Amino acid sequence: MSWINVCEETSLPIGTGVAAWVSGKAVAIFNLGKDGLYAIDNVDPATGVGLLARGLICEMDGELCVASPLYKQHYRLTTGVCIEDTSLVASPFDIKTEQGHVLVFAKA
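Residues numbered from 1 in each chain as written. Predicted model: local features only at pLDDT ≥ 70, side-chain atom pairs only at ≥ 80, totals over all residues. Heavy atoms only, no water.

If you check an unreviewed UniProt entry, the protein appears there as Nitrite reductase small subunit NirD from Shewanella phaeophyticola.

Here it is as structure tokens:
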């Protein structure tokens, strides 16, 4: 387990998500500007399809979420838990910036 350098901070568009391959796992990274960076599993637990990075960012119940492009389940960016069905979880990843680089913590 270690921090993996994913990209330069300036290469992440603000207000949307991108997918990155981190130690054999597809991770959806969201740059929300002043609201920070978030990272969750890119695979939608409801469908098994890797597309959460393409979802729409929204706020529900006072929490930042991403809406899956397929069936519109809403996953909390902080925990990855689905608002509509708490048994569905897109695993969250620790993310940080350091010296202009975006780092994601790779789990074993």
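From this point, the discussion proceeds with the structure in view.
A short note on the overall build of the protein
Regarding its fold elements, the protein presents zero helices and 10 strands. Listed N to C, the secondary structure of the protein is β-β-β-β-β-β-β-β-β-β in terms of helices and strands. Taking 13 Å as the expected radius of gyration for a compact globule of 108 residues, we find that the protein reaches 13 Å, a close match to that expectation. Seen through its C-alpha atoms, the protein measures out along the principal axes to roughly 40 × 30 × 20 Å. (Helix = DSSP H or I, 4+ residues; strand = E, 2+ residues; numbered from the N terminus. Rg over C-alpha atoms; globule rule 2.2 N^0.38 Å.)

So, the sheet that holds strand 6 (residues 63-67)
Two strands in a sheet stick together by hydrogen bonds in their backbones, pointing the same way (parallel) or opposite ways (antiparallel). Spatial strand order, 5-6-7: three strands in an open sheet with antiparallel pairing. At either margin of the open sheet sits one strand with a lone partner, and together these are strand 5 (56-60) and strand 7 (74-76). Neighbour to neighbour, the strand axes of the sheet diverge by 40° on average, direction disregarded. Inspection of the sheet shows strand 5 paired to strand 6 by five bridges, in the antiparallel sense. Across the sheet, residue Leu 56 finds its bridge partner in strand 6, namely Ala 67. (Pairing = 2+ DSSP bridges. Axes fitted to C-alpha atoms, helices over the stretch in contact; angles between N-to-C directions.)

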